[in-house]
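Given next are the chains, with one letter for each unit.
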Amino acid sequence: MDFRRIEMIFIAIFIALDIYLFASLKGSQTITSTAITSGSQTSQIMKDLKDDQISVKKLSKRRMDGYYLASRQKDQTLLETASAKLTGQTVSFDKARMTLTSELDKPLTYKKENQRLAVAAFMKEPDNVIQAEDYRYSHALSSDQQVVYVQKVPGGQIMDEHGQLIFTLEDGQISHYTQTYTNKIQVLREKESTKVTAQDAVIDLYTDNEIPNNSRIMWVKLGYSALLDANSSTVYVPAWQVAIENKNSKSVVVKRISAFTGALMKNRSEI
């Protein structure tokens, strides 16, 4: 292994990351605005939320800890190569989206409210799911239409489309799942405190007009999301995932705010 080459790759990632963070802070001054709203303006903004028919429960003001993580794009071949070992299913792999899709030969059946147990039993069997032990169940992301597991990483879990296992529910059966997985994740920096709290994240979204009137904040969770691609690698940071429900249509969107800078982060489909 060429350790000198690996060292140069990570140096390049550090430089790209520093440039990105400098540009982000200089352009938006997000941390400064967050510091301001965490003081005298917070009460007024929370009142404005209520006046706009935006329902939100009490939010945490606690600062958390997290890492800058990275993975090399050339290492992301595990799902494609290991898929040949899966049994009892027909699989395909989308290289552009790095997503495995599986159709089960024999659909799983479940009784109402027991879909999670059916999925858990399926995942315990060898050769059913690649790296099944690296995922944990996500109550927040799961719904009546799907059971969602998220990939565990140092300091937490991935909560965007780079590390998810999604089982589709349909009329008491599960015949289909999709999987993404980030392989060989490296810690770039020592653990550091986040500058943005759950309350700050919601306030930032509201002041940036990212929360429509007559909506409800369903939940706010901390998880890792992809920040940028640099030198054929992807950098991940802890981000507040904010689920926003439209009270009329009941549709739900998840917005992401970097817990380190307060910047709005886009989904892969939006990039």
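These numbers come from a predicted model, not from an experiment.

1. Re the packing of helix H3 (residues 42-51) against helix H6 (residues 198-207)
Two numbers describe how H3 lies on H6: the axes approach to 11 Å, and their chain directions differ by 60°. Considering the angle they form, H3 stands oblique to H6. The handedness of the crossing between H3 and H6 comes out as left-handed. On H6, the residues touching Thr42, Ile45, Met46, Asp48 and Leu49 of H3 are Gln199, Ile203, Tyr206 and Thr207.

2. Description of the confidence of the model for the protein
On average, residues of the protein score 88 in pLDDT, and 83% of them reach the 70 mark or higher. Counting contacts from residues 24-36, a segment whose pLDDT is below 50, to residues more than four positions away or on other chains yields 16 contacts.

3. What to know about the pattern of salt bridges
Counted according to the given criterion, the structure contains 5 salt bridges. Lys47 is paired through a salt bridge with Asp51; the nearest N and O atoms lie 3.1 Å apart. Within this pair, Lys47 and its partner Asp51 are both found in helix H3, separated by 4 residues, close to a single helical turn. What makes Lys47 partly exposed here is its relative accessible area of 45%. Notably, a salt bridge pairs Arg72 with Asp75, separated by 3.2 Å at the nearest N-O pair. Comparing Arg72 with Asp75, the two get one shared label, buried.

4. Observations concerning the packing of aromatic side chains
A full pass over the atoms with the stated rule returns 6 aromatic pairs. Between Phe122 and Tyr177, the aromatic rings sit 6.3 Å apart at their centres with planes inclined by 65°, giving edge-to-face as the arrangement. Linking Phe122 in helix H5 (residues 115-124) with Tyr177 in strand E10 (residues 173-179), this pair joins segments that are 55 residues apart in sequence. Each ring, one from Tyr137 and one from Tyr149, has its centre 5.8 Å from the other, and the planes form 70°; the classification is edge-to-face. With a gap of 12 residues between them, Tyr137 in strand E6 (residues 135-137) and Tyr149 in strand E7 (residues 146-153) connect regions that are remote in the sequence. We classify Tyr149 as buried; its relative accessible area is 7%. Through a chain of ring-to-ring contacts, three or more aromatic side chains come together here, namely Phe122, Phe167 and Tyr177. Here Arg189 stacks its cationic end above the ring of Tyr68, 4.9 Å away from the centre of that ring.

5. Re unusual backbone geometry
Phi is mostly negative for residues that are not glycine, and the peptide bonds are mostly trans. Non-glycine residue Gln131 carries a positive phi angle of around 50°. By the element assignment, Gln131 lies in the loop between H5 and E6. Positive phi, close to 60°, is recorded for Asn209, a residue that is not glycine. Looking at Asn209, the relative accessible area reads 69%, which means it is exposed.

6. Some remarks on H3
Those residues of H3 not exposed but buried are Thr42, Ile45 and Leu49. The buried residues of H3 occupy an angular sector of 65° when the element is viewed end-on, so they sit on one face. Within H3, the exposed residues directed more than 90 degrees away from the buried face are Ser43 and Lys50. Gln53 lies just past H3 and shows a positive phi near 60°.

Conventions we followed
Residues numbered from 1 in each chain as written. Predicted model: local features only at pLDDT ≥ 70, side-chain atom pairs only at ≥ 80, totals over all residues. Heavy atoms only, no water. Axes fitted to C-alpha atoms, helices over the stretch in contact; angles between N-to-C directions. Helix = DSSP H or I, 4+ residues; strand = E, 2+ residues; numbered from the N terminus. Parallel < 35°, antiparallel > 145°, perpendicular 65-115°, else oblique. Left-handed = near helix turned anticlockwise from the far one by under 90°. Contact = heavy atoms within 4.5 Å. pLDDT = per-residue confidence, 0-100. Salt bridge = Lys/Arg side-chain N within 4 Å of Asp/Glu carboxyl O. Buried < 20%, exposed > 50% of the residue type's maximum accessible area, 1.4 Å probe, protein only. Phe/Tyr/Trp six-rings, centres within 6.5 Å; stacked < 30°, edge-to-face > 60°. Lys NZ or Arg CZ within 6 Å of the ring centre and 35° of its normal. Arc of directions from axis to C-beta.

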